[in-house]
Amino acid sequence: MAERVEQRLEDRVPELEQLERVGLFTRREIRAVLKRASALEYKIQRRALRKEDFINYIQYEINLLELIKKRRARIGYSFKKDEIENSILHRVHSLFNRATGKWKEDVQLWLSHVAFCKQWNAKHQLSKVFSSMLAIHPNKPALWIMAAKWEMETQLSSESARHLFLRALRFHPECPKLYQEYFRMELMHAEKQRKEKKVFEQAKMDLGEFNYSEEILNGEMARIIYRDAAQKIKGVEFHLAALSIAKLFDFTQDLQKEILESLQTKYADDPLTWDYMARRELELGSPQSTEHTTKQMKVAEMTQREERCCAVFEEAVRAVPTEDMWKCYITFCLERYNRKTNSEELKQKRLERTLNVFNKTHESGLLPEALYKQWLQLLLESSLSEKATEVAEAATKRFSHSVETWQMRLQVLIQLKSDDVTQCFEEAVKHVKSKGTLPLWTFWVEWSEGTNSKEDTEALYQRSLHATTPAESVTMKEKYLDWSYRNGGYKKAKRVFTSLCENRPFSLDFFRKMIQIEKEQESCKMLHLREYYERALREFGSTDSDLWLDYVKEELSHPQGKPENCGSIHWRAMKVLQGDLVEDFVSKYTLLQTGHL
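Residues numbered from 1 in each chain as written. Predicted model: local features only at pLDDT ≥ 70, side-chain atom pairs only at ≥ 80, totals over all residues. Heavy atoms only, no water.

Under the annotation held in an unreviewed UniProt entry, the chain carries the name UTP6 protein and is attributed to Sula dactylatra. Taken verbatim from the UniProt record of the chain, the Sequence similarities (unreviewed entry) comment is "Belongs to the UTP6 family." (UniProt positions renumbered as here; feature names shortened; annotations may be inferred.)

Below, the structure written as structure tokens:
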């Protein structure tokens, strides 16, 4: 191993000598580089190799390259790159090759090598990296797409890109994303050829030696890809994606028409088809001169477009009366309403339209639960409080077991300062199954704290302990203890703690809260603290080593504490704690005894 390391370091000598000779590094810096390189080299020559060692070595070399680049720029020296940078680049590639050879499955390692090649313009090397990576990871479409894009956009080789896409489709014959990117690539290739041909024609050059196929120029290759994909890939999403790609190119009108016809034939009942057809009306505005267009004319034109969209949506919800279809319609209306406009008239029309569609969807019984919240927000923003109350009540009738819907209704009533809040809380806890009522009880007691008398709030807390499941009552006990201290002081909190401390289950925070309350008192009694710690340890002593340590600290630091009790606490902890917690406790206890904790 030592011989290999020595050989590697000797290989570095020429580049380091050049660095010193041309004044990029000092002799002292060269020695530091050698020392660091030696340490890194030893780590990657061991029998048990670690990925982190290779990554650290690679990162060191990259940092060195960056430093050399900055030094060159500073002193304006640009020679000897073959002897200096190329030597380091070659070493980094070798390190990457060894690492990816050892940890073939680590995609991130491969991608790091790809990124390095791109950064340092190592095109020949990158081609090899892509080839090796795809041989090992042919099951990842994103890698095929990355390689093909590089061939197309950087190497300017549509032939190589096409070859990669065809190979990828043999592994993934039904991958929509691969077909989409292949489709895009062929359209880009056609556009590039069209531009080249136009330049030659403008220059009046003879096109005889250039073979520009009319079929390729018109995007026929892309059409073949689309047709092939359409037979294999099910679902409207692929057709819509292909259509959005085709629309980026100005020579694809016939192709767009074919995709649109296919959409309407195969997926006439799909909400996404109708959604696309409706939104398309926004783009199909009447062509008119923009020179003499007034603000009022623009508003009128936009209003007409949006009304045409809504006419298509209205036809859609009649043809496909489903929840998803109505959701598309509402989403469109909300998007238009949320668009900024200086026209109050247009804003008002959008609001009226949105509220009207919400109402229609609700009446049809197809408004999703999540959209009721948006409807209510819109009604409250528009000061339609009576309608908001009515809608909130209707939502809880339809989704009577949903905690979120009841919370939403309660928030509306509270915001409107209604007298029906308490009655609504009663209805809510009656309808929702006890297992999920914790958010409602939490909401109720928090509202009561700011609204009702202390007696009413306390009665509510006590009621919540019995109404929630044992697991959920844990949270209510914590909140009850905290409230009792905030509103009744120490004596009240102690009474509540005493009344609850035999009523399992508990959380550790319940006991820690009482310990904290005791410690905040001027006459903090160690006797009380021991009681709280002992009760907490009875419940959590086997699973929490910090609780034992805090108990020891208390005995050591409290004026009434008994340091002689620490040995007994230590012995009990060793008996009770489970697994690795014993070791954790011993190490911390030792630090505590030596004054380092």
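Here the narrative resumes, following the displayed structure.
All right, on to the domain arrangement of the chain then. Taken domain by domain, the chain comprises domain 1 (1–103) and domain 2 (525–596). Its C-alpha centre places domain 1 at a distance of 53 Å from the equivalent point of domain 2. (Domains from an automatic or database assignment.)

Next up on the list: the state of the cysteines. Under the counting rule described, the total for this entry stands at zero disulfides. Not engaged in a disulfide, the cysteine Cys501 finds its nearest cysteine sulfur in Cys524; these two sulfurs lie 18 Å apart. With no disulfide of its own, Cys524 has Cys566 as its nearest cysteine by sulfur position, at a separation of 16 Å. (Disulfide = S-S within 2.5 Å.)

Before going further, it helps to spend a moment on the environment of Lys525. With respect to the helices, strands and loops of the structure, Lys525 is situated in the loop between helix H25 (508–519) and helix H26 (526–540). With relative accessibility at 37%, the residue Lys525 sits in the partly exposed group. Linking Lys525 and Leu24, residues 501 residues apart in sequence, is a C-alpha distance of 71 Å. (Helix = DSSP H or I, 4+ residues; strand = E, 2+ residues; numbered from the N terminus. Buried < 20%, exposed > 50% of the residue type's maximum accessible area, 1.4 Å probe, protein only.)

For helix H19 (residues 385–398), which comprises 14 residues, the first-to-last C-alpha distance of 20 Å matches the rise-based estimate of 20 Å (1.5 Å per residue) to within 8%. Three or more residues of H19 are buried, namely Ala388, Val391, Ala392, Ala394, Ala395 and Thr396. Tucked into the core, H19 has its buried residues touching helix H17 (344–363), helix H18 (369–381) and helix H20 (403–415). (Expected span 1.5 Å × (residues − 1). Contact = heavy atoms within 4.5 Å.)

Under the definition given, this model contains 30 aromatic pairs. On the basis of an interplanar angle of 10° and a centroid distance of 6.3 Å, the ring pair of Tyr226 and Phe238 is categorised as stacked. Residue Tyr226 is located in helix H11 (residues 220–232), and its partner Phe238 is located in helix H12 (residues 236–246); the two are separated by twelve residues in the primary sequence. In terms of burial, Tyr226 and Phe238 fall into one category: buried. Measuring from ring centre to ring centre gives 5.5 Å for Phe506 and Phe510, while their planes differ by 10°; the resulting arrangement is stacked. Judged by relative accessible area, Phe510 falls into the buried class, the value being 1%. What links up through ring pairs into an aromatic cluster is the set Phe497, Phe506, Phe510, Phe511, Tyr532 and Phe540. The side chain of Arg36 reaches across the aromatic face of Tyr60, ending 5.7 Å from its centre. Above the plane of the ring of Tyr337 lies Lys347, whose end atom (NZ or CZ) is 4.4 Å from the centre. (Phe/Tyr/Trp six-rings, centres within 6.5 Å; stacked < 30°, edge-to-face > 60°. Lys NZ or Arg CZ within 6 Å of the ring centre and 35° of its normal.)

Another point: the packing of helix H22 (residues 438–451) against helix H23 (residues 454–467). The N-to-C vectors of H22 and H23 enclose an angle of 170°; their axes lie 9 Å apart at closest approach. In terms of orientation, H22 and H23 fall into the roughly antiparallel class. Facing Trp441, Trp444, Val445, Ser448 and Glu449 of H22, the residues of H23 in contact are Asp456, Thr457, Leu460, Tyr461, Arg463, Ser464 and Ala467. Classifying every residue of the contact of H22 with H23 gives six nonpolar, three polar and three charged. (Axes fitted to C-alpha atoms, helices over the stretch in contact; angles between N-to-C directions. Parallel < 35°, antiparallel > 145°, perpendicular 65-115°, else oblique. Nonpolar A, V, L, I, M, F, W, Y, C, P; charged D, E, K, R; others polar.)

An ideal rise of 1.5 Å per residue puts 20 Å on 14 residues; H23 measures up with 20 Å between its terminal C-alpha atoms. Buried within H23 are the following residues: Thr457, Glu458, Leu460, Tyr461, Ser464 and Leu465. Taken down its axis, H23 places every buried residue within 155° of arc, on the same side. Across from the buried face of H23, at angles greater than 90 degrees, the exposed residues are Glu455 and His466. Lining the buried residues of H23 we find H22 and helix H24 (470–500). (Arc of directions from axis to C-beta.)

This part is about the environment of Phe183. Position of Phe183 among the secondary structure elements: in helix H9 (residues 176–202). Residues Phe183 and Ser587, 404 residues apart in the sequence, show an inter-C-alpha distance of 63 Å. Leave out the neighbours within four places in its chain, and Phe183 touches Ala222, Ile225, Tyr226, Ala242, Ile245, Ala246, Leu255 and Ile259.

What follows covers the pattern of salt bridges. This structure, assessed with the given rule, holds 52 salt bridges. Ionic pairing is found between Asp53 and Arg50, a salt bridge with its closest N-O pair at 3.1 Å. Look at Arg50 and you get partly exposed, because its relative accessible area is 43%. When the shortest N-O distance is used, the salt bridge between Lys588 and Asp584 registers 3.6 Å. Placement of the pair is Lys588 and Asp584 together in helix H29 (residues 581–593), with a separation of four residues, close to one helical turn. In this structure Lys588 comes out as partly exposed when scored by relative accessible area, which is 26%. Each of Arg12, Glu15, Glu61 and Arg91 takes part in one network of salt bridges that share partners. (Salt bridge = Lys/Arg side-chain N within 4 Å of Asp/Glu carboxyl O.)

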